[in-house]
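Notes for the structure review
As a plain string of letters, each chain reads:
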Amino acid sequence: MSAPHEPFAGFDRAPSGAGPDRAPDSGAGVRTWARDLALGARFAAGGGREGWTRTVLTAVGVGLGVALLLLAAAVPPMMTVRDHKRVARDAMSSGYVAKPTDSTLLSAEADTTYHDKDITGILLQPDGPNAATPPGVTKLPAPGHMVVSPALHRLLDGSPLLRQRIPYTIDGAIGRAGLMGPAELYFYAGSDRLTARDAEYRNGNADRITGFGHRSNSAVMGPTFDLLLVIMLVVLLLPVGVFIATAVRLGGERRDRRLAALRLVGADNRMTRRIAAGEALFGSVLGLLVGGGLFFAGRQLASHVTIRGISAYPADMTPATTLAVLIVLAVPLTAVAVTMLSLRGTAIEPLGVVRQGVGRGRRVWWRLVIPVVGLVLLLPQFGHVHGDSNLNVYQTATGAVLMLIGVTAVLPWVVEQVVGRLRGGPVAWQLATRRLQLSSNAAARMVSGVTVAVAGAIALQMLFTAVDGDFVHETGGDPSRAQVMVDAPVANGAQARDFNQRIAATRGVRQAYGYVNADATQPDADRVRDGDFAYLPVVVGDCPTLRQMAQVSACSPGSVFIVPPADGMGDPGSARSYLRPGSRLDLNGPPQSAYVGTPRLWTIPRTARTAAPRTDPTGSLSWGLFATPQALDTSLLSSPTANSMVVLDPRQPEAVEYVRNTTAKLGIGVDVFTVHSTTQQNSYTQLRRGLFAGAALTMALIGASLLVMMLEQLRDRKKLLAVLVAFGTRRSALAWSVLWQTAIPVVLGLVLACAGGLGLGAALLAMTSRPFHPDWSGMAAMSAIGAAVVLGVTLLSMPPLWRLMRADGLRTE
Amino acid sequence: MTTEPLLQATDVRKSYGRTAALDGADLTVRAGEVVAVMGPSGSGKSTLLHCLAGIVRADSGELRYRGQDLTAMSDGRRSALRRSDFGFVFQFGQLVPELTCLENVAIPLRLAGERRRAAEAKAAAWLERLEVADVAGQRPGEVSGGQGQRVAVARALVAGPRVIFADEPTGALDSLNGERVMRLLTDAAHDTGAAVVLVTHEARVAAYSDREIVVRDGKSRDTERVS
Amino acid sequence: MRGGYTWRVYTACSVGGMSIGHTLLGLLESGPRHGYDLKRAFDERFGHDRPLAYGQVYSTMARLLKNGLVEVEGIEPGGGPERKRYAITDAGITDVEAWLAQPERPEPYLQTTLYTKVVLALLTGRSAADLLDTQRAEHLRLMRELTRRKSSDDLADQLICDHALFHLEADLRWLELTAARLDQLAAAVTR
């Protein structure tokens, strides 16, 4: 008997196919696979209350992640559907339609605002019997009648004030096809007072259109906006991925023991792997179902939610098929992949679990390579994200993802290094640090979700703060001087005066500064051939009104002022040439292409004085010829516009609505603005709100997973805890050790998150060519939120800890 | 004795780090016999059993099962051997807590490719035989230690193994339950013709064997060879 | 059967340690019996392989009669030996009570023979370990025999066997311990 004594080749390695002996299940048939997967599923589904709890937690965790992913996947189609709907009902003409036919119709805007809610109104007047109808409307409303969106119908029913403004008889409702969301406030009203404008866009109040849905334009926000959107998605979805990965690893240690028991009765490595995969699959498939359920339930709820006037129909929030298929395939595959990865460093032997690499330090270099590669991907874009340049979305997203993943990759190494150096201290500290030294990996995994979320949020916050100026505009408006601005096209000065008087007489109005403005041109305009006409604004108003718009000292009826354009406004050359005392102007305004009509010449009085412009209450600077009505007969003006700067009584909160009601009666095409000192672009606001909502959701997810992991860890150590209590360890010491055990990795994670966040933030700022400016308060806030989540989790795990520490923990199973 | 040895270990050595757990162990197991491996704690009894069963890799020495070299087998082959030819009863921890007792017993059959219904029918018969049919639907955590061990014995026997490896199978049981488990185990093994390698430090448990070998300081003396 | 311990010897020891007189008295408590009935009752419960000699019953009963612990209730004439019916007296009941109440002295079981053999082997340079192993194998062989015998359904028999097994196990532990400390012992005895 002298067999070779050394050949243990491949003894403990997974059979990788090499070697002479065939494993009996090589080329494992479908049945073998099915059996092992089913066995895994049986483990996931079995195991009594505890096993179910774990599976349900996994499913809920994965489900929450899946729901978020589905939501994200539903955004692009939702945007597309909304865009399609918006385009389909567009009533703007694609070009000038000169002649009415039996299928054309006239349309005019009748938008208004009520209590900060924007209402879109379109007035329609068919030219003939075959006129098109807008989407969602079967029959054009007759004059004095309208069709309304259901939301507007409800609003009108509850608001008599608004009903006065939109008094048309309600004929019916606009169908879904014509609305972007259930909360949209929209109406189409029939009119018989519309007249088509001429080719010069004058002398009418409506556009002639041949139908609906001709124009397509998207509100392009520019590359900075795209950058924000990309980073936001990355920041919000990456923790979701981390969370899903964490969720499928719940109960990992228990599973390893279970698999060891199976190895004993003859399961080989591949079988245990398949069984583990089956377990992960079961949880993640259940998670998919839960996620789908959550998504569809949430979608129904979404129809009741309106964010800044934006709502959506559940049916429109359908995830893109490819994305949905991707999610359905990727989530279980990820679950299986994560399981396989977690098994990779673990040899499950029949007598238990052997963790490989114990004592072998983690190597740091490949961990550092990840964020560096991310940075390298972002580098070429430094200073290039501005204006209308195109953002390389994929490169940017990949770079950002790598930088964030790099943070989580470095985390275990940092935790190991730091924790390995901790020594001594009180009993609680010692228990915590020794435990962490044994399984620093689990600790790092526990906080990696928080780390990614905080790092991403810090970077985003920095970018937001820096680009704040891009999106929040100083309007220059001064709400203390006037609160409402009204523009109305008028036929003549008399009508303008009448309008202003009616506004001034409105309830809640203290004063209305009314003026008329129109455009004049050079006196020889009718002889100009090349179409380059001078553009010379004319403002006619009384002295108090002119004082709001120019620095006028002495003013009396009959005064005329010449206000030169401020820097960057108008055309200083033509202003110098034509706006001079004694020179003549043609009040038959500047034509667009060729001169029409007859010149109406008017001489600037020699008494005209020059005055500097003054910022008016709305924040605009005007220039041109400023005259009192006694000096210039407003009936000479072509296409005049009546303007009113309205001062409201602050004690009358509905004053704005009364003004709007008044102006609604003035005619078609009257605009009312409220004066604000700043304006914010709407999408930016939504982005910011989206970030906060997403961050809250992500943090909640992470908190939930942390809690589950903590409880699991406690359950695993039940006996140990009971023994510690039995020989007199203070409960408070154990509580502290639990806190330390969470707090140490979390503090490390947060420090790393701040570093990573600053790095990514700096890179993003460099991309948009903005100076590095750390947002310390944002960092503090995000870190505080992260720490609060962990503290909350620790607190929530105290009651079970107390329960576990009761002496019956000593009882053997 | 004329029977061919079923399992033969010659000069098996195994160290954990610097500690030598086995320092030249010999053992022969013939078909159908019950061999007790005795010795004080830490003498290397369990290590010998683990080596014999192909669970642990020996450092040197020869291990033959029915003429095949156990040490040259791949993990897959050894796993397959554990499924088809070996059964295990340990002191504790070998039952899968998630599965019911019946399912636990059925597992080796299912791993070997048998259909669930057939596997569970056989398992039920074995539970009956070991007088634990009443706990078939319960989980290991819900049954007593003695019942759990009998379930484990049923599982060890269900696939019709040639060798059952039992490592302190009564270690966690009181005398009465221990005796009962030993009686059932040896009777069943006798009836099915399976050999039993029984590691124990208790003489009363070893008394259920046909012969014993003693492991002392990692060396074993097979009394059959000595005498 | 090899020499040394046998099951029979061991049982004799254990039964020999008890008082047959008290046992017979105890059996009489349930009612008067003939001498022959007494022997059969004794054998059934305590005798096992080794039945009580009829002569021993007769002589014991004669002694008990003399001490006033039993009395003869009547003599049935008939062929063969006379058939006396014995009944227990009040004094007899008191005596049984006192016997049962008195704790048995725990047997120290000093294995002097074995110890002597071990020391002698050490002194003469023979292998004490072999001696111990042989003894150990012998103990186990007996234990195996007893264990096999236990598989009968007789509970009383099982208990007797267990008693023996536990004692043998104790011996084995001593052997085990001694084997582990042979070097120390060798140093001590050869000093």
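Please read these numbers as outputs of a predicted model, since none were measured by experiment.

In this section: the pairing of strand 12 (residues 509-520) of chain A. Residue and element names in this part refer to chain A. One ladder, built from eight bridges, connects strand 12 with strand 21 (residues 641-648); its direction is antiparallel. Pairing of Asn-517 across the sheet is with Thr-641, part of strand 21. Bridge analysis of strand 12 against strand 13 (residues 536-541) gives six bridges, and the strand direction is antiparallel. Residue pairing for strand 13: Ala-518 is matched across the bridge by Val-538.

Any two side chains of opposite charge can pair, on the condition that their charged atoms come close. All names here are of chain C. Applying the stated criterion across every chain yields a total of 37 salt bridges over all chains. Lys-39 is the partner of Asp-43 in a salt bridge, and the nearest nitrogen-oxygen pair spans 2.8 Å. Of the two residues, Asp-43 and Lys-39 are both situated in helix 3 (residues 35-47); the distance of four residues between them amounts to about one turn of the helix. A residue is classified by how much of its surface remains accessible, and Asp-43, at 16% relative accessible area, is buried.

So, about the sheet that holds strand 2 (residues 19-30) of chain B. Residue and element names in this part refer to chain B. Taken together, the four strands give an open sheet; going across it, the order is 2-1-4-5, and neighbouring strands pair in antiparallel fashion. Each edge of the sheet is formed by a strand with only one pairing partner; in this case those strands are strand 2 and strand 5 (68-69). Taken together, the nine bridges between strand 1 (residues 5-16) and strand 2 define a ladder with antiparallel strand orientation. If you follow Lys-14 over to strand 2, its bridge partner there is Leu-22. Set on the sheet, helix 1 (residues 45-52) makes contact with strand 1, strand 2 and strand 4 (60-65); between it and strand 2 the angle comes to about 60°.

What follows is about the side chain of B:Arg150. Residues and elements named next belong to chain B. Mapped onto the secondary structure, Arg-150 falls in helix 5 (residues 145-158). One buried charged residue, Arg-150, remains without a salt bridge, the closest side chain of opposite sign being Glu-131 at 4.5 Å. A polar contact is formed between the side chain of Arg-150 and the backbone oxygen of Glu-131, at a distance of 3.3 Å. Once you skip the residues sitting within four places of it in the chain, Arg-150 turns out to touch Leu-130, Glu-131, Val-132, Asn-177, Arg-180, Val-181 and Leu-184.

This next bit is on the interface of chain C and chain B. Accessible area lost upon the coming together of the parts is a frequently used measure of interface size. Each partner contributes to the interface: chain C provides 17 residues, whereas chain B provides 18 residues. Buried area between chain C and chain B, summed over both chains or domains, comes out near 1400 Å², and the portion from carbon and sulfur atoms is 48%. Per-residue buried area on chain C facing chain B is highest for C:Arg136, C:Arg144 and C:Thr147; these three make up 33% of the total on that side. Joining chain C to chain B, the criterion identifies five salt bridges. The salt bridge involving C:Arg144 is made with B:Glu212; its shortest N-O contact spans 2.2 Å. Put simply, chain C and chain B have six residue pairs in polar contact (both at pLDDT 80 or more) between them. Counting residues per element, the ones that place at least two in the side of chain C that touches chain B are helix 7 (128-149) and helix 8 (155-180) of chain C. A total of eight residues in the side of chain C that touches chain B trace back to one element, the largest contributor, which is helix 7 of chain C. Split by residue class, the side of chain C that touches chain B holds seven nonpolar, two polar and eight charged.

We now examine the packing of aromatic side chains. For the structure on display, the rule yields 10 aromatic pairs over all chains. Arranged with centres 5.2 Å apart and planes meeting at 80°, the rings of A:Trp429 and A:Trp740 form a pair that is edge-to-face. Of this pair, A:Trp429 sits in helix 11 (residues 427-438) while A:Trp740 sits in helix 19 (residues 731-767), and the two are 311 residues apart along the sequence. Note on A:Trp740: relative accessible area 29%, which makes it partly exposed. Relative to B:Phe86, the ring of B:Tyr65 has its centre 5.1 Å away and its plane inclined at 85°; by these criteria the two rings are edge-to-face. Of this pair, B:Tyr65 sits in strand 4 while B:Phe86 sits in strand 6 (residues 86-89); the two residues are 21 residues apart in sequence, bridging distant segments of the chain. Comparing B:Tyr65 with B:Phe86 shows no difference in burial state: the two are buried. Through a chain of ring-to-ring contacts, three or more aromatic side chains come together here, namely B:Tyr65, B:Phe86, B:Phe88, B:Phe90 and B:Phe165.

Conventions adopted
Residues numbered from 1 in each chain as written. Chains lettered and ligands numbered in written order. Predicted model: local features only at pLDDT ≥ 70, side-chain atom pairs only at ≥ 80, totals over all residues. Heavy atoms only, no water. Pairing = 2+ DSSP bridges. Helix = DSSP H or I, 4+ residues; strand = E, 2+ residues; numbered from the N terminus. Salt bridge = Lys/Arg side-chain N within 4 Å of Asp/Glu carboxyl O. Buried < 20%, exposed > 50% of the residue type's maximum accessible area, 1.4 Å probe, protein only. Contact = heavy atoms within 4.5 Å. Axes fitted to C-alpha atoms, helices over the stretch in contact; angles between N-to-C directions. Lys, Arg positive; Asp, Glu negative; His and termini not counted. Polar contact = N/O pair within 3.5 Å; in protein donor to acceptor, adjacent residues only side chain to side chain. Buried area = accessible area lost by both parts, 1.4 Å probe. Nonpolar A, V, L, I, M, F, W, Y, C, P; charged D, E, K, R; others polar. Phe/Tyr/Trp six-rings, centres within 6.5 Å; stacked < 30°, edge-to-face > 60°.

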